[in-house]
Amino acid sequence: MDTSVLTVSQLNGYIKDVLNMGFPSGIWLCGEIQGYNRNRDKSHVFFELCEKDPITKDIMARIGLVIFSGRKMFIEQTLKNAENAFTLKDDIEVKFFCKVDFYPPHGAVRLIVENIDPVYTLGKIAQEKQRLIALLKENGTLDKNKKLELPLVPLNLGLITSHDSAAYNDFISELQLSGYGFKVFCRNTVMQGKATPADVCQAIFELSRIPALDAIVITRGGGSIADLSCFDSQIIAEGIAACRLPVFSGIGHEINITITDLAAHTYQKTPTAIAQFLTGLVKGFLTSLEERVVAVVDGTKEKLKSENNRLKNCALDVQNGTNDFLKQHHLLLAARQEQLKERPLTLLNKALVRIEAGRDALVKDLRVRFKAEDEKLKNFNRLLELASPLNTLKRGFSITRLFDGTLVRSTKQAKPGSKILTEVSDGQLKATVEGGGK
Amino acid sequence: MTEIKYSKAIKKLDEIISKIEGEEIDVDELADNVKEAVDLLKVCKNKIEKAQMDVKKVVDGFSAGESDD
């Protein structure tokens, strides 16, 4: 090497030669993109790749890269072929195939991008996502919102989306289609790029302070994996976990499930699907309400019917019981009636019998007495007969009376010449006294 | 006739019957007592029949009322 003084261009020329010798063919380089966004309207894209300390996140090394306009189309096509998974932008990990070059006018080493390996970035994104998921799962962040009770009728909704976006319109029109009285309070939110997580978190916080809301919905339309990767955010997940309201999410389209989705109470694939989920909840509630009303009405009817039957049976029992009771009384009365029918007659008969018996006794008694009296009388008669003057007359005695009836017991009573009547057994003799005895 | 309670009527009836059942009743009173007892019997019978009808009416009324709803 010539030891004399070099010009800057000579030095830079040497450095370039050395570098070119050191890196005869291209290299694969990986790192995180920085400063990409300033290139928006330029034909060549200048940016940097850097390597950060895994713990402190401080930049340990950086180097400038350029994608020349002629190569830009090829790189973009390569990305497109990888299912449009991501676009080049700041903060994503990429793997480029590049030539190490030295640009003498700037005196700077630069890498000229020749090709890109999208699989690397996808892998990095996926890897980062899995790491986060594992972490959030372990500390319970993903389960916290799921433990909140699902509102029965989530009609008052806080909506986190970009106002008037396709997602907003899909969501709102699906709610309107249901005809239910949804009220949506939309918080216009950044749904793409670096600012997304912080804004979504702020929106969750703001909406959760509105007392009337039943739930919060986070929704946006589909996009590349890189577009949606802002929802693979730890702070969104933590914001959801801290939220007092159930958070529902519908982010992206068919295949994307973001960490936001995983942290949400319930997620659906699209804005329309999450709206359908909500209308389904309301519909389910109304259906169950109707079923319950029907069950209550049926149950009541059944109860009334059985109670009615019971009452009817009670009424019948009352009737039968009363009838039995009254029948018994009827029998009682019938028995008394019999007694009344029989007894007085019996009584009267008895009285009659008693009277007849008395009469008979009397008659008998009298007869005996009469007989005795008769006997007595007969005896008297006999005696009388014995003592009778007629009998004396028959035996020859006679009774003499004066005409005035005076018995003549002494001669002194009949003076001569006086007329007397002498009674003999078969008649009277009239006589005149001719003389006295003495 | 003034309304007499059934239980009172039955009691009176029983008194008369037991009087008649006994021997001490005077023949002069017998006819009057029997007449009174028969009257009481009629009263009691009427009461029972009326009660039966009333109960039937009430129970039927209840059953009919139930079929209204």
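Scroll up a little and you will see the structure.
Just so it is clear, the structure is predicted and the values come from calculations on it, not from any experiment.

## A few points about the interface of chain B and chain A
Here comes step 1: Facing 22 residues of chain B, the contacting portion of chain A comprises 20 residues.
Here comes step 2: Those elements giving two or more residues to the side of chain B that touches chain A turn out to be α1 (6-21) and α2 (27-66) of chain B.
Here comes step 3: At 17 residues, α2 of chain B tops the list of elements feeding residues into the side of chain B that touches chain A.

## What about the pairing of strand β13 (residues 427-432) of chain A?
Residues and elements named next belong to chain A.
Here comes step 1: The buried fraction of β13 is low, at 0 of 6 residues.
Here comes step 2: Where strand β12 (residues 419-424) lies against β13, 6 bridges are found, and the strand directions are antiparallel. Residue Lys419 lies in a different strand from β13, and its bridge partner there is Thr432.

## Topic: the sheet that holds strand β8 (residues 215-220) of chain A
All names here are of chain A.
Here comes step 1: Judged by pairing direction, the sheet is parallel, and its 5 strands sit side by side in the order β7-β6-β8-β9-β10 without closing on themselves. Taken across any chain shown, the strands that pair with only one partner, and hence form the sheet edges, are β7 (183-188) and β10 (266-268). Direction aside, neighbouring strands of the sheet carry axes that sit 20 degrees apart on average.
Here comes step 2: Two strands pair when backbone bridges link them, and strand β6 (residues 156-161) and β7 are joined in this way by 6 bridges, in the parallel orientation. Note on β7: the bridge partner recorded for Thr161 is Asn188.
Here comes step 3: The sheet strands contacting helix α10 (residues 271-387) are β8, β9 (247-251) and β10, and the helix crosses β9 at an angle near 145 degrees.

## Topic: the sheet that holds strand β4 (residues 93-103) of chain A
Strand pairs in the sheet, formed through backbone hydrogen bonds, run parallel or antiparallel to each other.
Residues and elements named next belong to chain A.
Here comes step 1: A barrel is described by the order of its strands in space; here 5 strands give the closed sequence β1-β2-β3-β5-β4, paired in mixed fashion. Going from strand to strand, the sheet's axes swing by 60 degrees on average, the running direction of each strand aside.
Here comes step 2: Of the strand pairs in this sheet, strand β3 (residues 59-67) and strand β5 (residues 108-116) are connected by 3 bridges, and their pairing is parallel. The partner of Val66 across the bridge, within β5, is Ile112.
Here comes step 3: Helix-sheet contacts for helix α2 (residues 69-81) involve β2 (45-52), β3 and β5, and the interaxial angle to β5 is about 45 degrees.
Here comes step 4: Sitting on the sheet, helix α3 (residues 118-138) is in contact with β1 (27-34), β4 and β5, with an inclination near 130 degrees to β4.

Conventions used here
All residue numbers refer to positions counted from 1 along the written sequence of the respective chain. Lettering for chains starts from A, numbering for ligands starts from 1, and both go in the order in which the items are written. Predicted model: local features are reported for residues with pLDDT of at least 70 only, side-chain atom pairs are reported and counted for 80 or more only, and whole-chain, interface and lining totals are derived from all residues. Whether two residues are in contact depends on their C-beta atoms, placed from the backbone: they are in contact if these lie within 7 Å. Put simply, DSSP H or I for four residues or longer makes a helix, DSSP E for two residues or longer makes a strand, and each gets a number counted from the N terminus. We call a residue exposed when 12 or fewer other C-beta atoms sit within 10 Å of its C-beta, buried when the count reaches 20 or more, and partly exposed for counts in between; the C-beta positions come from the backbone. At least two DSSP bridges between two strands are needed for those strands to be called paired. Every axis in this analysis is a line fitted to C-alpha atoms, fitted for helices over the stretch in contact. Angles between the N-to-C directions lie between 0 and 180 degrees.

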